[in-house]
Amino acid sequence: MTTVLTPASQLTAADRCDRCGAQAYLRVVLLSGGELLFCAHHGRKFEPELKKIAAEIQDETERLTSAPATAASEEER
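A short tour of the structure in this document, coming up. (Residues numbered from 1 in each chain as written. Predicted model: local features only at pLDDT ≥ 70, side-chain atom pairs only at ≥ 80, totals over all residues. Heavy atoms only, no water.)

**A short note on the packing of aromatic side chains**
Using the following cut-off: Here is the rule: rings of Phe, Tyr and Trp (six-membered ring for Trp) pair when centre to centre is within 6.5 Å. Planes less than 30 degrees apart are stacked, more than 60 are edge-to-face, and the remainder are tilted. Here the term buried applies to any residue with accessible area under 20% of the maximum for its type, exposed to any over 50%, and partly exposed to those in between, with areas from a 1.4 Å probe on protein chains only.
Under the definition given, this model contains one aromatic pair. Where Phe 38 meets Phe 46, the ring centres are 5.9 Å apart and the plane angle is 50°; that geometry is what we call tilted. For Phe 38, a relative accessible area of 7% puts it in the buried group. Residue classification places Phe 46 among the partly exposed residues on the basis of a relative accessible area of 22%.

**Description of the side chain of His 42**
Worth spelling out the cut-off: The helix and strand labels rest on DSSP assignments: H or I over at least four residues marks a helix, E over at least two residues marks a strand, and numbering proceeds from the N terminus. By definition, residues are in contact when any of their heavy atoms lie within 4.5 Å.
As for its position among the elements, His 42 is in helix α1 (residues 40–53). For His 42, a relative accessible area of 10% puts it in the buried group. Beyond its immediate chain neighbours, meaning those up to four positions away, His 42 contacts Cys 17, Arg 19 and Cys 20.

**What to know about the pairing of strand β3 (residues 35–38)**
We count it as follows: Two strands are said to pair when DSSP picks up at least two bridges between them.
In this structure, strand β2 (residues 26–30) lies alongside β3, joined through four bridges in antiparallel fashion. Paired with Val 29 across the strands is Glu 35, a residue of β3.

**Observations regarding the environment of Gln 10**
Mapped onto the elements, Gln 10 comes out in the loop between β1 (2–4) and β2. Residue Gln 10 is classed as exposed on the basis of its relative accessible area, which comes to 53%. For the pair Gln 10 and Asp 59, spaced 49 residues apart in the sequence, the C-alpha separation amounts to 9.8 Å. Among residues more than four places away in sequence, those in contact with Gln 10 are Asp 15, Gln 58, Glu 60 and Arg 63.

Here you go:
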């Protein structure tokens, strides 16, 4: 398995979890050639099984805890 550090295309709000429909933060490219998308919750829940069948895992869950680059703080205003 390879974890993609610099993904070719970032996941967007239009990418939805295949399990529950929430915004996807993980893209799993399968060894068989398909791909699955998961929210952070389901990505963590299924991680052990996914690692067994994944060719690549694109993990963007850090976006959930990082501040947006375009957000201005109150002090800057």
